[in-house]
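Summary of the model geometry
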Amino acid sequence: MRFLKKACLHLLTALTLVFPACAMIENHPLTPVPPATQAEQDTMLLHVEKLCEHPRYGATIHHARNYIAAHFRAAGWQVSQQKFTTSDGETHYNICALRPGKKDTRYIIGAHYDACDIGDDGVNHGADDNASAVAALLELATRLPKEGQEHTIELVAWACEEPPWFGTEDMGSAHHAAACDKEKVLGLICLEMLGFYSDKPGSQPELFPGYGWMLPTTGNFITVVGDPDSRELSIQVAHALKAHMPTARVNLPFTHGTELYFSDHRNYWPLGIPSLMVTDTSMLRNHHYHEPTDIPATLDYNRLALVTRGIVQAVRALAFKP
């Protein structure tokens, strides 16, 4: 009898994970969505191509940094650069853009702007990883209203997300998180690889082994990933995105041990800040990941523009409400 009770307890615990997981999918493939305008697509392409003109690592990363900072300033944001030194003695910069609200409480939206140095394997242009997400961040800076927000909005382009810094205290987002007043941060949205899609059946590998039946198997959707503490924020962001793109939402405790933990949001979760990642599922879908073939021509600029629309809508809903 004691064994049966224990087994039932384990089953109940498992169900508390499974049934919230069943509700995590917000996928609307049959909802007709008008394509992005050609002007929107051209703007996204321009940003990606500009960011890919020079390798975003080593001695040439300053080109991307200058492009991002200049765009933030032109859009009317208060721009600063957070300088930090990594354990190898190198100096790096996070690019921060601030737009104060009526309240000092804030939402942070960020994307890492560095690309992975693949060494002797060739030049990594990093179009999807992560020029696509930086392009969305830049358009967010342009499209948000210049006044009227209830909460302060901070945009940040993080340095040092890629190896050899990934997973260490040298990550730009780790330095940024350490400097945050966590009591004032209402939520963080990390943008990570937003531009690669496929309509081919079976083009989306399982996000979580054994949970494939819950999630789409065609790689034509965007994903919102968070832990259970970021569930409310994830629902709000997914709600905005699904008006423009098929959207899957994932809020599970074991995201920490999967590829969906592999970005900058990981450095804000330990602080108790509701944090999520918006992604095309990165290396799970995009076979150009960390390869010389990750070039601008491989991206879907219609869908990248549609995702950007959704991100703009999400931030407006979050920051401009009482």
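Read on for an overview of the structure. (Residues numbered from 1 in each chain as written. Predicted model: local features only at pLDDT ≥ 70, side-chain atom pairs only at ≥ 80, totals over all residues. Heavy atoms only, no water.)

**As for the nonpolar core**
Core analysis: the biggest nonpolar cluster contains 62 residues, and Leu155, Leu191, Leu194, Val237 and Val278 have the highest contact counts within it. Counting residues per element, this core draws most heavily on helix 7 (residues 301–319), at eleven residues. Cys96, Cys180, Val185 and Val225 belong to the second-largest nonpolar core, a separate cluster that totals 13 residues. (Core = buried A, V, L, I, M, F, W, Y, C linked by side-chain atoms within 4.5 Å. Buried < 20%, exposed > 50% of the residue type's maximum accessible area, 1.4 Å probe, protein only. Helix = DSSP H or I, 4+ residues; strand = E, 2+ residues; numbered from the N terminus.)

**Details of the packing of helix 3 (residues 61–74) against helix 4 (residues 127–143)**
Interaxial distance between helix 3 and helix 4 falls to 9 Å at its minimum, and their mutual angle equals 20°. By the angle class used here, helix 3 and helix 4 are roughly parallel. Where helix 3 crosses over helix 4, the two elements pack in a sense that is right-handed. Contact with helix 3, carried on its side by Tyr67, Ile68, His71 and Phe72, involves Val134, Leu137, Leu138, Glu139, Ala141 and Thr142 of helix 4 and no other residues of that element. Taken together, the residues that form the contact of helix 3 with helix 4 break down as seven nonpolar, two polar and one charged. (Axes fitted to C-alpha atoms, helices over the stretch in contact; angles between N-to-C directions. Parallel < 35°, antiparallel > 145°, perpendicular 65-115°, else oblique. Left-handed = near helix turned anticlockwise from the far one by under 90°. Contact = heavy atoms within 4.5 Å. Nonpolar A, V, L, I, M, F, W, Y, C, P; charged D, E, K, R; others polar.)

**Comments concerning the pattern of salt bridges**
For the structure on display, the rule yields twelve salt bridges. Two residues, Glu154 and Arg106, come together in a salt bridge whose shortest N-O distance is 3.0 Å. Within this pair, whereas Glu154 is found in strand 5 (residues 151–158), its partner Arg106 is found in strand 4 (residues 103–112), the two being separated by 48 residues in sequence. Classification of Glu154 by relative accessible area gives buried; the value is 8%. (Salt bridge = Lys/Arg side-chain N within 4 Å of Asp/Glu carboxyl O.)

**Thoughts on helix 7**
Its 19 residues give helix 7 an end-to-end C-alpha distance of 27 Å, which sits within 8% of 27 Å, the value for a rise of 1.5 Å per residue. By the criterion of burial, helix 7 is predominantly enclosed, with 14 of the 19 residues buried. Among the residues of helix 7, the N-terminal cap falls to Asp300, whose side-chain oxygen and the backbone nitrogen of Asn302 are separated by 3.2 Å. (Expected span 1.5 Å × (residues − 1). Polar contact = N/O pair within 3.5 Å; in protein donor to acceptor, adjacent residues only side chain to side chain.)

**Describing the pairing of strand 5**
Counting buried residues along strand 5, eight of its eight residues qualify, which places the element largely inside the surrounding structure. Where strand 3 (residues 91–99) lies against strand 5, five bridges are found, and the strand directions are antiparallel. Bridge pairing in strand 5 places Ile95 opposite Ala157. Relative to strand 5, strand 4 is paired through eight bridges, and the arrangement is parallel. Counterpart to Ala111 in the pairing with strand 5 is Ala157. (Pairing = 2+ DSSP bridges.)

**Some thoughts on unusual backbone geometry**
Cis rather than trans, the peptide bond between Asp129 and Asn130 has omega equal to 10°. Of note, Asn130 is situated in helix 4. For the bond from Pro163 to Pro164, the omega torsion is 10°, close enough to zero to count as cis. In this fold, Pro164 is placed in the loop between strand 5 and helix 5 (172–179). For Cys160, which is not glycine, the phi dihedral falls at a positive 60°. Relative to the helices and strands, Cys160 resides in the loop between strand 5 and helix 5. Owing to a relative accessible area of 2%, Cys160 belongs among the buried residues under this scheme. Its identity as a non-glycine residue notwithstanding, Ser282 has a phi of 60°, on the positive side. Its place among the elements puts Ser282 in the loop between strand 9 (275–279) and helix 7.

**With respect to the packing of aromatic side chains**
Applying the stated rule across the entire model yields one aromatic pair. Ring geometry for Trp158 versus Tyr268: centroids 6.0 Å apart, planes at 45°, classification tilted. Of this pair, Trp158 sits in strand 5 while Tyr268 sits in the loop between strand 8 (247–251) and strand 9, and the two are 110 residues apart along the sequence. For Trp158, a relative accessible area of 0% corresponds to the buried category. Assessed through its relative accessible area of 0%, Tyr268 is described here as buried. The positively charged end of Arg99 is found above the aromatic ring belonging to Trp77, 4.1 Å away from the centroid. The aromatic ring of Phe221 is capped on one face by Arg285, whose charged end is 4.9 Å from the ring centroid. (Phe/Tyr/Trp six-rings, centres within 6.5 Å; stacked < 30°, edge-to-face > 60°. Lys NZ or Arg CZ within 6 Å of the ring centre and 35° of its normal.)

**Observations regarding the environment of Asn124**
Mapped onto the elements, Asn124 comes out in the loop between strand 4 and helix 4. The spatial distance from the C-alpha of Asn124 to the C-alpha of His54 is 9.5 Å, given a sequence separation of 70 residues. In terms of polar contacts, Asn124 uses its side chain to reach the backbone carbonyl oxygen of Cys116, at 2.9 Å.

**Points about the packing of helix 2 (residues 38–51) against helix 3**
Axis separation between helix 2 and helix 3 bottoms out at 9 Å; the angle between their running directions is 145°. On the side of helix 2, the interface is formed by Leu46, His47, Lys50 and Leu51, while helix 3 contributes Ala64, Tyr67, Ile68 and His71. Of the residues in the contact of helix 2 with helix 3, the class split is five nonpolar, two polar and one charged.

These figures come from the coordinates and say nothing about function on their own.
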